[in-house]
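Take a look at the letters that make up each chain.
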Amino acid sequence: MPTVSALHVAKATRLPMRAVESVEIEAGKGIVGDRYHGTKHRHVTVQSQDDLDTASGIHGAEVRAELTRRNMTISDGPVPREPGARIRIGEVLLEVVRVAAPCKLLDDTIGRGAQEALRRRGGSVCRVLEGGAVSLGDPVELVARPASG
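Residues numbered from 1 in each chain as written. Predicted model: local features only at pLDDT ≥ 70, side-chain atom pairs only at ≥ 80, totals over all residues. Heavy atoms only, no water.

1. Overview of the sheet that holds strand S9 (residues 124–130)
Rules: One requirement defines pairing of two strands: DSSP has to find at least two bridges between them. Only DSSP runs of H or I with at least four residues qualify as helices, and only runs of E with at least two residues qualify as strands; both kinds are numbered from the N terminus onward. Residue contacts follow a heavy-atom distance rule, with two residues in contact if any of their heavy atoms lie within 4.5 Å. Between N-to-C directions, angles cover 0 to 180 degrees, with each direction set by a line fitted to C-alpha atoms, over the stretch in contact for helices.
Sheet architecture is open: eight strands sit in the order S2-S1-S6-S5-S9-S8-S7-S11, paired in mixed fashion. The outermost strands of the open sheet, each flanked by one partner alone, are strand S2 (18–19) and strand S11 (140–143). Seen against the sheet, helix H1 (residues 49–59) touches strand S5 (44–48) and strand S6 (72–74) and runs at an angle of roughly 60° to S5.

Take a look at the structure:
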């Protein structure tokens with residue numbers, strides 16, 4: 001089962017991401033102390049270390065988790081990309097809103113070609129359905145999408 005391998009927050013948009021061992025996540029708001037706390041749908045971003053490893057191979061240099069500006073990195077496996085998919089991380093329940101597309105700034109912070117290397121590997125933007133604490137090492141599981149009716 002995948003686990004949380006990295007957690008990062010930034011107090012403001014252009015500030016560097018800061019590695020933390022745990023975060024408090026509020027339902028409907030996001031990570032307490034992060035730049036996106038309180039926004040409408042962009043509460044938490046999640047990426048996979050497998051995708052970062054693949055991107056590193058394509059890029060020809062390490063793509064470090066904190067440089068992608070995503071909040072959570074899971075140890076392995078795919079991050080769901082389809083809207084409505086759900087991810088349980090510890091006691092927190094996330095719902096995928098959309099794919100987190102890599103931006104042009106990655107070429108400046110990681111190196112030329114990083115944006116392309118991360119295309120389709122940038123993780124997902126999620127909203128928080130159930131809040132709680134998340135710490136490094138917490139289990140990550142994909143939850144069956146509820147039947148629409």
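Once you've had a look at it, read on.
2. Brief notes about the pairing of strand S1 (residues 4–9)
Going by this rule: We call a residue buried when its accessible area falls under 20% of the maximum for its residue type, exposed when it is over 50%, and partly exposed in between, using a 1.4 Å probe and counting protein chains only.
When you tally the buried positions in S1, you get five out of six residues, the bulk of the element. Taken together, the three bridges between S1 and S6 define a ladder with antiparallel strand orientation. Across the sheet, Val 4 pairs through a bridge with Ile 74, a residue of S6. Where S1 and S2 come together, two bridges link them in antiparallel fashion. The residue of S2 that forms the bridge with His 8 is Ala 19.

3. A look at unusual backbone geometry
Phi angles above zero are rare outside glycine, and Arg 69 is one such case at about 70°. Topologically, Arg 69 is positioned in the loop between H1 and S6. Taking the relative accessible area as the measure of exposure, Arg 69 reaches 24% and is therefore partly exposed. The phi dihedral of Arg 120 falls on the positive side, at around 70°, and the residue is not glycine. Along the polypeptide, Arg 120 turns up in the loop between helix H3 (114–118) and S9. Residue classification places Arg 120 among the exposed residues on the basis of a relative accessible area of 57%.

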